[in-house]
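# Coordinate inspection notes
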Number of protein chains: 2
Amino acid sequence: MNELTISLDSHSKIPLYEQIYGFIREEIRKREILPGERLPSSRTLSSYLSVSRSTVDLAYEQLVSEGYVESIPCRGYFVCEIEELYQLGETQEERKMKTGEDALKYRYQFAVSGITPDGFPHNAWKKISREVLLDASDDLFRLGDPRGERGLREAIAAYLHHARGVNCRPDQIIVGAGNDYLLMLLSVVLGRGADSRHVVAMENPTYMSAYRCFVNLGFDMRSISMDDSGMQVGELEESGADLAYVMPSHQFPMGMVMPMKRRMQLLSWAAKEEKRYLIEDDYDSEFRYKGRPIPALQGYDTKGKVIYLGTFSRAIAPSIRISYMVLPERLWPLFEQRGINFSATVSKTDQKIIEIFMREGYFERHLNRMRAIYKGKHDLMMKCLKGMSKICTVSGENAGVHVLLHFVNGLTEEEAILRARKAGIRVYGLGQYYTEELERQDSGAGADAGRKQEAVLLGYATMTEQQILEAMEILKKVWTCC
Amino acid sequence: MNELTISLDSHSKIPLYEQIYGFIREEIRKREILPGERLPSSRTLSSYLSVSRSTVDLAYEQLVSEGYVESIPCRGYFVCEIEELYQLGETQEERKMKTGEDALKYRYQFAVSGITPDGFPHNAWKKISREVLLDASDDLFRLGDPRGERGLREAIAAYLHHARGVNCRPDQIIVGAGNDYLLMLLSVVLGRGADSRHVVAMENPTYMSAYRCFVNLGFDMRSISMDDSGMQVGELEESGADLAYVMPSHQFPMGMVMPMKRRMQLLSWAAKEEKRYLIEDDYDSEFRYKGRPIPALQGYDTKGKVIYLGTFSRAIAPSIRISYMVLPERLWPLFEQRGINFSATVSKTDQKIIEIFMREGYFERHLNRMRAIYKGKHDLMMKCLKGMSKICTVSGENAGVHVLLHFVNGLTEEEAILRARKAGIRVYGLGQYYTEELERQDSGAGADAGRKQEAVLLGYATMTEQQILEAMEILKKVWTCC
């Protein structure tokens, strides 16, 4: 750390402590400062930089709270081991699509899944884990309630009511190891076989991971076209589907927020027949940048027609494997008959940790921090894209952590991806999220690709602001001219 | 602790430190010594009892290692908070069957599931958890391999080969959140629907929890009679089943170990048709009291016909929700097609903890300790039962943690359960494990109950030796005479 030379800009709008924090963070990321190394004491650094000690302390605290640096009492601040900081969580889909070689080629990846590198609340999580383990009574090691522990379900019900306008009792909540598992359980609860064949409608394009799960679970699928508001209700009505899977808070991949009118139309559709249900995937609902938050569809449902799915994957980390499903009361008898026999899939320890994380306000504070981080990245993206108005228009920018670019300079989706790739930047084509694409792959038959839009998805959750700046600069160059 | 009066028997075969340990443990359990209380220093207690300090130290160390007592440096030994020590993990089945009021009525419960109260390796688990959390890199918080992490699968493969004679590569292993989840996943992999309807054969009586899961998963079920060796292969052949679920290491509830000849017959049955598979549930295989351990059925399978299921529920704790399935290579293409889309259900943190627990020898040492504890309880049970030879005969005593009693004095199963209940002791009737029982409940129709044996199950895992002694004494009295 002898050669540490920070140049501070006292006229910048960025506070001094943030400049110091940002500089050291980048040094750690670039491995200019190595894991295990000690940072200069705040006294030394403050006198060296001619700033107050509290400014340096603030910067150090920020680094500690984000897990870059560890404070060891009486010894100082040490850089933590942070492996593979740049390669972030991707879906299986993405993993399968790319070869190991590919991964190495990309200097920047606009992944549409994963969380920000500084996103996991390391310190709070470790602290609560230690407490839970220390307090661990024998009860913690017994098999628990198949729906999840009461305490956690209460905390989730309170959060959902307060933050998402969801109306439910803790008894309606089922905690499970990830959304895919909950869809599996739901398929058991709804039943199947010749006598009870269910047909699931999904928007097109859509979240292919859920689509594939439904196919594997033996559901018949219907792909419904979208307009600017989302799933087209007329087409849904004609499709014969009895289940409709929607993402009103933030449709994936199109990124739109479903307006109230369409929500009401969907609820009416569901109310028309006894066996109809809406499956509301509220993924990404935590992050909005424009307008007032819209409550979940479930909150407007007076007839018990919405099955609500939520997850901690995006809000905390994909690895923690805790999701939840809110079943309407009318489905309860079926769950009691078919679902209750399947033991809980999340360990009591993990349930306890997340319960405390929610109850003691860590979750809300963490979400606020994430929102601020993503808002910063979002605004930066939008600023960069402003300078690219001759190249593309933007959509899906009001929520979530990705945007869609529609080229106006004649560039095709394929060509745009190829050019980015040659420049070492990974972007994602909209094409892969159309279900025809999958059907064509599976059956070898051609399908109507006429309705398909062309666009490129840029996810910014896993990128640093510096990376966004650099990558967008390059993209602007390679996407200019045709 | 002033009134602590331990009377040691220096002529006993039980070592002095064990007498001290046992006495204090019982005092803690009876809440004579309360959580938070400090034990006398080993110097004080050793001079008071006129034993060496190392004897007392040994007793205290035992109490610490089993989580009853915590050692705080420079301050002494303190009693830990141990809640509800007597109400141990039960299956959902048992939970649903009993009312809250019932639970209070029983002073002793011979539960057939759950683990010994001193069974959870608190200290090792806490230690490893702390290490894992301390070392946690960002990678630990990303979504992992849907089959489970490579490191854990390697550790499981090594253990299974060494301890159970299972032949598999780590790639064949799928880690999942409990056996019920793995059965769910298996049903997806095998496929269903009109074109691929599967028929599952189970022994009768059998493990009803798995039976109910299969029913809920939409499988057709066939109940096959048993002889002394287990599932009758002739009847299996005639049943038209393509899947046979067996527990060769320790059939539940009958408790028998399947002899080699029957294992070979089952393997031949499976080899006869392409679509036939055996599902081997190796639950409880860790605990055997007689004869040499018999390797798993999977180890004799040369044709890729065995789907092997194992769990850490009994070996560690029901709450940790980690099981594993070994798929034969021939099922791999189906898994790749239908199963790989479902994300992992166990968090990476938990996977890492159990990996280290296995790799560093904790698991093996823990199993040895459990074996010793269960062997002690088993031998005590057998000793008590020896004095009851006029009342009943015993079966299923060579493995697992429960025995079956067959009354020879004219007592019926129902009457025996009732008399035990009146005396505050919960025992379990064999009747509830016959599938006809379930079918009768469900359909209201009568079924052939003629082949049903009458017997009572006594599980001793969750009982202390003292409780076993007391309860068996009472049972002998209430079951004598007719």
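Everything quoted here is computed from the prediction, not taken from an experiment.

What follows concerns the overall build of chain A. Of the regular secondary structure elements, chain A holds 17 helices and 16 strands. Buried positions account for 61% of the 482 residues belonging to chain A. A separation threshold of at least 6 residues defines the contact pool for chain A, and within that pool the share at least 24 residues apart is 72%. Carbon and sulfur atoms provide 50% of the accessible area of chain A, an area that totals close to 19,600 Å².

On to the nonpolar core. Counting residues in each nonpolar core, the largest one holds 144 residues, and the members touching the most others are Leu458 and Trp479 of chain A together with Ile316, Leu458 and Trp479 of chain B. When near neighbours in sequence (up to four residues on either side) are disregarded, tryptophan 479 of chain B contacts Met388, Ile391, Leu405, Phe407, Asn409, Leu411, Ala416, Arg419, Ala420, Val427, Val456 and Leu458 of chain B.

We now examine the pattern of salt bridges. Residue and element names in this part refer to chain B. Per the counting criterion, the structure on display carries 46 salt bridges over all chains. As a salt-bridge pair, arginine 25 and glutamate 26 come within 3.4 Å of each other at their nearest N and O atoms. One salt bridge connects arginine 262 with aspartate 227, and the closest N-O pair in it is separated by 2.8 Å. Residue arginine 262 is located in helix H11 (residues 260-271), and its partner aspartate 227 is located in strand S6 (residues 220-227); the two are separated by 35 residues in the primary sequence. Arginine 262 gets classed as buried once you look at its relative accessible area, which sits at 10%. For aspartate 227, a relative accessible area of 29% gives the class partly exposed.

Residue and element names in this part refer to chain B. Of the residues making up helix H15 (residues 413-422), those classed as buried are Glu413, Ala416, Arg419 and Ala420. Around the axis of H15, the buried residues are gathered within 135 degrees of arc, so they sit on the same side. In H15, those exposed residues whose orientation departs by more than 90 degrees from the buried face are Glu414 and Lys422. Residues of H15 that are buried make contact with strand S13 (402-407), strand S14 (425-426), strand S15 (428-429), strand S16 (456-459) and helix H17 (465-479). Downstream of H15 by one or two residues, glycine 424 has phi in the positive range, about 80 degrees.

Attention shifts here to the packing of aromatic side chains. The final tally for this structure, using the stated rule, is 31 aromatic pairs over all chains. An angle of 80 degrees between the planes, with centres 5.6 Å apart, marks the rings of phenylalanine 214 of chain A and tyrosine 245 of chain A as edge-to-face. Residue phenylalanine 214 of chain A is located in helix H9 (residues 208-216), and its partner tyrosine 245 of chain A is located in strand S8 (residues 243-246); the two are separated by 31 residues in the primary sequence. Note on accessibility: phenylalanine 214 of chain A and tyrosine 245 of chain A belong to one class, buried. Measuring from ring centre to ring centre gives 5.4 Å for phenylalanine 214 of chain B and phenylalanine 219 of chain B, while their planes differ by 80 degrees; the resulting arrangement is edge-to-face. Here phenylalanine 214 of chain B matches phenylalanine 219 of chain B in class, with each residue buried. The rings of Trp125, Tyr159, Phe312, Tyr324, Phe357, Tyr362 and Phe363 of chain A are connected pair by pair, giving a single aromatic cluster.

Residues and elements named next belong to chain B. Strand order in this open sheet of four strands is S12-S13-S16-S15, and the pairing throughout is antiparallel. The open sheet has two edge strands, strand S12 (392-395) and S15, and neither has a second partner. In this sheet, S16 lies alongside S15 in antiparallel orientation, the contact comprising two bridges. Bridged to tyrosine 428 within S16 is leucine 457. Contacts between helix H14 (residues 362-386) and the sheet are confined to S12, S13 and S16, with S13 contributing the most and set at about 10 degrees to the helix.

Residue and element names in this part refer to chain A. Relative to the 16 Å expected for twelve residues at 1.5 Å per residue, helix H8 (residues 179-190) spans 16 Å between its end C-alpha atoms, a close match to the ideal helical length. The buried count for H8 comes to twelve of twelve residues, which makes it a mostly enclosed element. Where H8 is concerned, the buried positions are Asn179, Asp180, Tyr181, Leu182, Leu183, Met184, Leu185, Leu186, Ser187, Val188, Val189 and Leu190. Backbone geometry just downstream of H8 places glycine 191 in the positive-phi region, at approximately 85 degrees.

Residue and element names in this part refer to chain A. Averaged over all residues, the pLDDT of chain A is 85; the fraction at 70 or higher stands at 88%. Low confidence marks residues 83-104, where pLDDT is under 50. Its contacts with residues over four positions away, or in another chain, come to 54 contacts. Every residue in residues 444-450 scores below 50 in pLDDT, and together they form seven contacts with partners more than four places removed in sequence or on other chains. For this predicted complex, the interface confidence score (ipTM) comes to 0.73, while the overall pTM stands at 0.76.

Moving on: the pairing of strand S10 (residues 306-311) of chain A. Looking down a regular strand, the side chains alternate between one sheet face and the other. Residues and elements named next belong to chain A. Most of S10 is tucked away: six of the six residues are buried. Neither face of S10 is exposed, since Val306, Tyr308 and Gly310 on one face and Ile307, Leu309 and Thr311 on the opposite face are all buried. With four bridges connecting them, strand S9 (residues 277-281) and S10 associate as parallel partners. Counted as the bridge partner of leucine 278 is valine 306 from S10. With four bridges connecting them, S10 and strand S11 (residues 323-326) associate as antiparallel partners. When the sheet's bridge partners are listed, leucine 309 is paired in S11 with methionine 325.

Bringing the environment of methionine 184 of chain A into the picture now. When you line up the elements, methionine 184 of chain A lands in helix H8. Considered as a pair, methionine 184 of chain A and phenylalanine 214 of chain A are 30 residues apart in the sequence and their alpha carbons are 8.3 Å apart.

What follows concerns a nonpolar patch on the surface. Residue and element names in this part refer to chain B. The grouping of Met260, Met264 and Tyr300 at the surface amounts to a nonpolar patch, some 220 Å² of accessible area in total. Note that methionine 264 resides in helix H11. For methionine 264, a relative accessible area of 33% corresponds to the partly exposed category.

Residues and elements named next belong to chain A. Taken in spatial order, the four strands line up as S12-S13-S16-S15 in an open sheet, and their pairing is antiparallel. Looking at strand neighbours, the two that pair on one side only are strand S12 (392-395) and strand S15 (428-429), the edges of this open sheet. Taken strand by strand, helix H17 (residues 465-479) contacts strand S13 (402-407) and strand S16 (456-459), and its axis lies near 165 degrees from that of S16.

Let us now look at the packing of helix H15 (residues 413-422) of chain A against H17 of chain A. All names here are of chain A. Packing of H15 against H17 brings their axes to within 10 Å, and their N-to-C directions diverge by 125 degrees. Comparing their axes, H17 and H15 come out oblique. Here H15 runs over H17; the crossing is right-handed. For the pair H15 and H17, the contacting residues are Ala416, Arg419 and Ala420 in the first and Leu475, Val478 and Trp479 in the second. Looking at the contact of H15 with H17, its residues break down into five nonpolar, no polar and one charged.

Turning our eyes to something else, we now look at unusual backbone geometry. Cis geometry marks the peptide bond from asparagine 204 of chain A to proline 205 of chain A; its omega dihedral reads 5 degrees. In this fold, proline 205 of chain A is placed in the loop between strand S5 (199-204) and H9. Phenylalanine 252 of chain B connects to proline 253 of chain B through a cis peptide bond whose omega is 5 degrees. Assignment of secondary structure puts proline 253 of chain B in the loop between strand S8 (243-246) and H11. Within the chain, aspartate 284 of chain B stands out as a residue other than glycine whose phi angle is a positive 75 degrees. Counting through the fold element by element, aspartate 284 of chain B comes out in the loop between strand S9 (277-281) and strand S10 (306-311). Classification of aspartate 284 of chain B by relative accessible area gives buried; the value is 3%. A positive phi angle is found at arginine 321 of chain B, which is not glycine, with a value near 55 degrees.

Let us now look at the side chain of lysine 305 of chain A. Residue and element names in this part refer to chain A. Mapping lysine 305 onto the fold places it in the loop between S9 and S10. For the buried lysine 305, which has no salt bridge, the nearest side chain bearing the opposite charge is glutamate 274, at an N-O separation of 5.3 Å. Beyond its immediate stretch of four places on either side in the chain, lysine 305 contacts Ala270, Ala271, Glu273, Glu274, Lys275, Arg276, Tyr277, Leu278, Pro328 and Arg330.

All names here are of chain B. Position of cysteine 168 among the secondary structure elements: in the loop between helix H7 (150-164) and strand S4 (173-176). Classification of cysteine 168 as buried rests on a relative accessible area of 18%. Between the alpha carbons of cysteine 168 and glycine 299 there is a distance of 8.9 Å; along the sequence they are 131 residues apart. Other than its neighbours up to four places away in sequence, cysteine 168 contacts Ala157, Ile173, Gln298 and Val326.

Once that is clear, we can look at the environment of leucine 411 of chain B. Residue and element names in this part refer to chain B. Position of leucine 411 relative to the elements: it lies in the loop between S13 and H15. Under the relative-accessibility criterion, leucine 411 is labelled buried at 7%. C-alpha of leucine 411 to C-alpha of threonine 480: the two residues are 69 residues apart in sequence and 9.1 Å apart in space.

Parameters and conventions
- Residues numbered from 1 in each chain as written.
- Chains lettered and ligands numbered in written order.
- Predicted model: local features only at pLDDT ≥ 70, side-chain atom pairs only at ≥ 80, totals over all residues.
- Heavy atoms only, no water.
- Helix = DSSP H or I, 4+ residues; strand = E, 2+ residues; numbered from the N terminus.
- Buried < 20%, exposed > 50% of the residue type's maximum accessible area, 1.4 Å probe, protein only.
- Contact = heavy atoms within 4.5 Å.
- Areas by Shrake-Rupley, 256 points an atom, 1.4 Å probe, with all protein chains shown as cover.
- Core = buried A, V, L, I, M, F, W, Y, C linked by side-chain atoms within 4.5 Å.
- Salt bridge = Lys/Arg side-chain N within 4 Å of Asp/Glu carboxyl O.
- Arc of directions from axis to C-beta.
- Phe/Tyr/Trp six-rings, centres within 6.5 Å; stacked < 30°, edge-to-face > 60°.
- Pairing = 2+ DSSP bridges.
- Axes fitted to C-alpha atoms, helices over the stretch in contact; angles between N-to-C directions.
- Expected span 1.5 Å × (residues − 1).
- pLDDT = per-residue confidence, 0-100.
- Patch = residues over 30% accessible without salt bridge, like charges linked within 9 Å, V, L, I, M, F, W, Y side chains within 5 Å.
- Parallel < 35°, antiparallel > 145°, perpendicular 65-115°, else oblique.
- Left-handed = near helix turned anticlockwise from the far one by under 90°.
- Nonpolar A, V, L, I, M, F, W, Y, C, P; charged D, E, K, R; others polar.
- Lys, Arg positive; Asp, Glu negative; His and termini not counted.

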